[in-house]
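Report on the structure
If you want the building blocks of each chain, they are given just below.
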Amino acid sequence: MIYPNNYEHKIGFHEIRALLRDRCLSTLGQQEVNEMQFSSDTEEVNELLTQVHEFRQLMDAVNNFPLQYFFDVREAITRIRLVGTHFEEQEVFDLRRSLETINGIVKYLSPQRQSDDEEECTTPYPALSRLAKDTPTFPAMIRRIDSIIDKFGHIKDGATMTLAGIRHELQKTEGSISRTLYTILHAAQRDGLIDKDAAPTVRDGRLMIPVSPSVKRRINGIVHDESATGKTVFIEPAEVVEANNRIRELEAEERREVVRILTVFTEEVRPHAKEILDSYHFLARIDFIRAKAELAKVIKAIEPKVEDRPYVDWIRAEHPLLALSLAKQEKKVVPLDISLLRSVDNGKDISYEGGRLLIISGPNAGGKSVCLKTVGLLQYMLQCGISIPVGERSTCGLFKNIMIDIGDEQSIEDDLSTYSSHLMNMKQMIKQCDEHTLLLIDEFGGGTEPTIGGAIAEAVLKQFWQKKTFGVITTHYQNLKHFADEHEGVINGAMLYDRHEMQALFQLSIGQPGSSFAIEIARKTGLPEEVIRDASDIVGREYIQSDKYLQDIVRDKRYWEGKRQTIHQHEKSLEGRIARYENSIEEIEMERKAILRRAKEQAEELLSQANKKIENAIREIREQQAEKEATRRIREEMEQFKQEVDQIDSVANNEKIERKMQQIQERKKRKEEKRMKAKAEKSLVAQSPASTTMKDADEPKPAFAVGDTVRIKGLQSTGTIDRIEGKMATIVFGSMRTKMRMDRLEPAQEAKSTQQKSDDRNTQIAGAYANLSSSTRTAIDTRKLNFRQDLDVRGMRGDEAIQAVTYFIDDAILVGMSRVRILHGTGTGILRQLIRQYLATVPNVAHFRDEHVQFGGAGITVVDIE
């Protein structure tokens, strides 16, 4: 309930409506502004505020939101419901453009699926999306309009064949008339009957020639009109009269055909009139929301969360109309902090403190009425779904009833005096108020004899207190200030006044009553000092002193409030610095981790490069006939080096890194000493002729002996025979063992003596890679890099597949691959059989089998190489 009926005018809300109407794009939104009503439904108010908040976000984030065409054609839609009526061309054009806008807005606000995997559609603007939900759109109707209306809003020539024929004939006839008129005109100009600059003109839809009245009879034709001065007459030559008549007929035919086209289109639209009106209601809501968002930006307002209970807890609240007025004067409004039964979160639960009734006292023109109007206007704006100018930390509640008593309501017609009108308002408030009501009363108890007026005001205030009503009341009466001190839930407030500068501060201080500063204001206005002394004597020195004490209390409170604000600001500044330091520490920590990560990545890259170089060196060592033991030792040392580097990467401190490197060097030195010692012991054992002759006696000496240096026929790589078994020999090429027939071998340069090998081994390892030719290096590196573990022979003939498998297995043996796969498919099984028969003849193939059924089964042969 809102009391009285002119509540909006009393608080200035009619000016807020005017500001909203000015920001609407069409009469659609303006009508919504006029129909805007006060609501006490929490869900509805929160939904309205959320719509405004989302629209403000949308306008800040998006530049192409469709807001081009807001045309109100609801009157035309309502009119065409009657059979026999039809649209006009401009109405159809406006309908097409506004339907396009509606279609674009609905499409933009509709939820969109972010990816194919998501089942639910999402939208960043859920409240606006709910508003757009189920709004009908008419893309087919837009296409139908495009077929009959051009981009300028006129019926197209090609809308029907009949219209095209009429306009073609009309154009042809007009061209004929124009040519005839110009012929007559030029002839008359040659005869001197018409001025040289004269031209045909149109009068009453007919082409005519302007001539002087003196020569009008010399031109055969009909005089239709004359100028206002009478110096020019307009003649329609006889030669074009029939043609002009034909043009009139064609224009009438054209109009009839256009009306017929519009009538047919109107009949198509008529069944959808209700749905179209619903769409325009949605367009009106969007226009209204946009206007509220624009106003919120102007008055610097926010959309607070509204709770479903009555209370007020506003920080830095401003009267929007006063702020706009002062801004024109380059001044700023003083914000107010005001609370009625504010909530306090103590960590476990929420409690409420403060009072329901706020009694504001203070000097005249000190801002009491402005404070009261600010509460009334902002609460009403909030419950109409309009953003309010308060601080971000403000919280809001809802009231079911708002009642106000402000201003002079005396009426001669109703036989009401000022005080009688106040009493009538008090009567209604006592009757209607409850714990969900907000009362706004200005100059409570004024307008009559102070003693009885104060007593009646206190009695009425007691009724409000008993009903637990909320209210903001301004007064000068001392008994009402004492009432607040004696009753729980009623608190005093004061509008501050600087008595040294003798000016109002327009600041509200809650907790202590204010002084009226009547003596100070009287002295400032220039009343004689004698009058002021007499007034002080009349009220008594004690009253004057108590008023001064009250002023001192207010002054001290203001001082300590300023101190508290300063401390609060320092605390916030300190919190900000701490937050910045914490952020800096986090950034430093993240940067440190990033540096370590990059260092580790670089180390891994260097290690990878080192491994490649080591592999290349090992391959070169093989070519230089290095012993198997030496190659294995090198690999072990390199692997150990890699592990040590990994350990180093985990150490962040430079001193730890250096200490770790020292440990690695010492460990490598100890291993080298152990290796040399073991090698010396092995040499001593090798010199003993214990069992070498027994084997020679038992077996016949082959063409090659164990320890001979040999090479594969056609290849340059050399190796040493490690063991002989019949016609098969095991040869060591560097760190790689291979078994092959002896007839594939040929003698190479004799191996060096064991002692010489031992002496040259370190030199070979160190310089093997450097001594190789560039072509050898390139060939080995290319084969290593290009080798793939899988060979696909599907689709090849048998001999082609065997040749490809032969090269593939040889390359696998050369690069030291332990397992490869051959893809031959299933088919008839012939290709699989041929490949496996060949693999059975290769000595280095230790085993071959089918791949696992999950990875290809019998269509793939897995080959293990020794």
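Quick caveat, the model's predicted, so the values are computed rather than measured. (Residues numbered from 1 in each chain as written. Predicted model: local features only at pLDDT ≥ 70, side-chain atom pairs only at ≥ 80, totals over all residues. Heavy atoms only, no water.)

Points about the overall build of the protein chain
Quick reminder of the rule: Numbered from the N terminus, helices here are DSSP runs of H or I no shorter than four residues, and strands are runs of E no shorter than two. Note on classification: 1.4 Å probe, protein chains only; a residue is buried when its accessible area is under 20% of the maximum for its type, exposed when over 50%, partly exposed between these limits. Residue contacts are defined here by distance: any two heavy atoms, one from each residue, within 4.5 Å place the two residues in contact. Computed with the Shrake-Rupley method and a 1.4 Å probe, the accessible areas treat only the protein chains shown as cover for residues.
Each helix and strand in the protein chain was counted, giving 26 helices and 25 strands. When burial is assessed residue by residue, the protein chain has 40% of its 866 residues classed as buried. Pairs at least 24 apart in sequence give 67% of the contacts found in the protein chain among residues at least 6 apart. About 50,100 Å² of surface is accessible on the protein chain, with carbon and sulfur atoms providing 50% of the total.

Describing the nonpolar core
General note: in soluble globular proteins, nonpolar side chains tend to be found buried as a group. Rule in force here: To define a nonpolar core, start from buried Ala, Val, Leu, Ile, Met, Phe, Trp, Tyr and Cys residues and group those joined through side-chain atoms within 4.5 Å.
Grouped together as the largest cluster of nonpolar side chains are 54 residues, with contacts concentrated most on F13, I16, L20, W314, I338, M381 and L440. With 8 residues, helix α13 (residues 368-383) is the single largest residue contributor to this core. Not counting residues up to four positions away in its chain, the partners in contact with I338 are V312, D313, W314, L358, C371, V375, V472, L508 and I510.

A closer look at helix α12 (residues 320-328)
Three or more residues of α12 are buried, namely P320, L321, A323 and L326. For α12, the elements touching its buried residues are α2 (13-22), α11 (273-299) and α13. Once α12 ends, the next one or two residues include E330, with phi positive near 60°.

A short note on the packing of aromatic side chains
Filter applied, for reference: Planes of paired rings set the category: under 30 degrees apart is stacked, over 60 is edge-to-face and the rest tilted, where pairs are Phe, Tyr or Trp rings (Trp by its six-membered ring) whose centres lie within 6.5 Å. Look at NZ for Lys and CZ for Arg. If either is within 6 Å of the ring centre and within 35 degrees of the ring normal, a charge sits over the ring.
Going through the model one piece at a time under the given rule, you end up with 9 aromatic pairs. When the ring of Y69 is compared with that of F71, the centres are 6.0 Å apart and the planes differ by 15°; the resulting orientation is stacked. With a relative accessible area of 24%, F71 lands in the partly exposed category. Cluster of aromatic residues (ring-pair linked, three or more members): Y7, F13, F38 and Y380. Across from the ring centre of F93, 3.9 Å away, lies the NZ or CZ of R97, which sits over that ring. The ring of F288 is capped by K292, whose NZ or CZ atom sits 4.5 Å from the centre of that ring.

Notes on unusual backbone geometry
In the segment running from Y3 into P4, the intervening peptide bond is cis, with an omega of -5°. Structurally, P4 is set in the loop between β1 (2-3) and α1 (7-11). Although it is not a glycine, R316 sits at a positive phi angle of roughly 55°. Here R316 is to be found in strand β6 (residues 312-317).

Some thoughts on the pattern of salt bridges
Where charged atoms from two side chains of opposite charge approach closely, those side chains can pair. Quick note on the threshold: Note on definitions: salt bridges are taken to be side-chain nitrogens of Lys or Arg within 4 Å of carboxyl oxygens of Asp or Glu.
This structure, assessed with the given rule, holds 29 salt bridges. In this structure, E851 and R821 form a salt bridge, with 2.7 Å as the shortest nitrogen-oxygen distance. Within this pair, whereas E851 is found in the loop between β24 (845-850) and β25 (860-865), its partner R821 is found in strand β23 (residues 819-823), the two being separated by 30 residues in sequence. Of the charged contacts, one joins D850 and R832 as a salt bridge, the two residues approaching to 3.2 Å between their closest N and O atoms. Linking D850 in strand β24 with R832 in helix α26 (residues 830-841), this pair joins segments that are 18 residues apart in sequence. What makes R832 partly exposed here is its relative accessible area of 27%.

Some points on the sheet that holds strand β10 (residues 357-361)
Definition in use: One requirement defines pairing of two strands: DSSP has to find at least two bridges between them. Working convention: axes come from line fits to C-alpha atoms, limited for helices to the stretch in contact. Angles between N-to-C directions cover 0 to 180 degrees.
One open sheet holds the 7 strands; their spatial order is β1-β12-β13-β14-β10-β15-β16, and the pairing between them is mixed. Of all strands in the sheet, those bounded by a partner on one side alone are β1 and β16 (503-510). As defined by bridge partners, β10 adjoins strand β14 (residues 470-474) across 4 bridges and the pair is classed as parallel. Considered in β14, the bridge of L358 is made with V472. With respect to the sheet, α13 is in contact with β1, β10, β12 (401-405), β13 (437-441), β14, β15 (490-498) and β16, its orientation differing from that of β13 by roughly 150°.

Digging into the pairing of β14
Here is the rule we go by: Here the term right-handed applies to a crossover when the path leading from its first strand over the helix to its second strand runs clockwise, the strands being oriented away from the viewer.
Where burial is concerned, most of β14 is hidden: 5 out of the 5 residues are buried. In terms of strand pairing, β13 meets β14 through 4 bridges, oriented parallel. Looking at the pairing, I441 lines up with I473 of β14. Between β13 and its parallel partner β14, the chain crosses via helix α15 (residues 450-466), and the hand of that crossover is right-handed.

Remarks on the sheet that holds β24
Sheet architecture is open: 4 strands sit in the order β22-β23-β25-β24, paired in mixed fashion. Since the sheet does not close on itself, it has two edges, and those belong to β22 (790-792) and β24, each with one partner. Adjacent strand axes in the sheet meet at a mean angle of 20°, parallel and antiparallel pairs treated alike. Note that β22 and β23 share 3 bridges and pair parallel.

Side note on the packing of helix α6 (residues 89-109) against helix α8 (residues 139-146)
Put simply, the rule reads: The hand of a helix crossing depends on one turn: near helix anticlockwise from the far one by less than a right angle means left-handed, and clockwise means right-handed.
The N-to-C vectors of α6 and α8 enclose an angle of 145°; their axes lie 10 Å apart at closest approach. Handedness of the crossing formed by α6 with α8: left-handed. For the pair α6 and α8, the contacting residues are V92, L95, R96, L99, E100 and N103 in the first and P139, M141, I142, I145 and D146 in the second.

Side note on the confidence of the model for the protein chain
Rules: On a range of 0 to 100, pLDDT expresses the predictor's confidence in each residue.
Residues with a pLDDT of 70 or more make up 79% of the protein chain, whose mean pLDDT is 80. Below a pLDDT of 50 lies the segment residues 685-702, which in the model reaches 2 contacts outside its immediate sequence neighbourhood of four places, other chains included. Low confidence marks residues 750-772, where pLDDT is under 50. Its contacts with residues over four positions away, or in another chain, come to 34 contacts.

Side note on a nonpolar patch on the surface
Using the following cut-off: Surface patches are drawn from residues lacking salt bridges whose relative accessible area is over 30%; two like charges belong together within 9 Å, two nonpolar side chains (Val, Leu, Ile, Met, Phe, Trp, Tyr) within 5 Å.
On the surface, L423, I452 and I456 cluster together into a nonpolar patch covering about 220 Å² of accessible area. Residue classification places I452 among the partly exposed positions, given a relative accessible area of 43%.

Considering the side chain of S387
Rules: For this analysis, a polar contact is any N or O atom pair within 3.5 Å, provided that within protein one partner can donate a hydrogen and the other can accept it, and provided that sequence-adjacent residues contribute only side-chain to side-chain pairs.
Following the sequence through the fold, S387 ends up in the loop between α13 and β11 (395-396). Relative accessible area serves as the criterion here: at 1%, S387 is assigned to the buried category. At a separation of 2.6 Å, a polar atom in the side chain of S387 contacts the side chain of E303.

Description of helix α3 (residues 27-35)
Selection criterion: Taken from the helix axis, the directions to the C-beta atoms give the arc we talk about.
Among the residues of α3, those classed as buried are L28, G29, E32 and V33. Down the axis of α3, the buried set is contained in an arc of 140°. They therefore lie on one face. Buried residues in α3 make contact with α2, α5 (74-79) and α11. Residue S26 occupies the N-cap position of α3, its side-chain oxygen lying 3.2 Å from the main-chain nitrogen of L28.

Section: the side chain of R74
In this structure, R74 sits in helix α5. On the accessibility criterion, R74 (16% relative accessible area) is buried. Engagement of the side chain of R74 in a polar contact is seen with the side chain of Q31, the distance being 2.5 Å.

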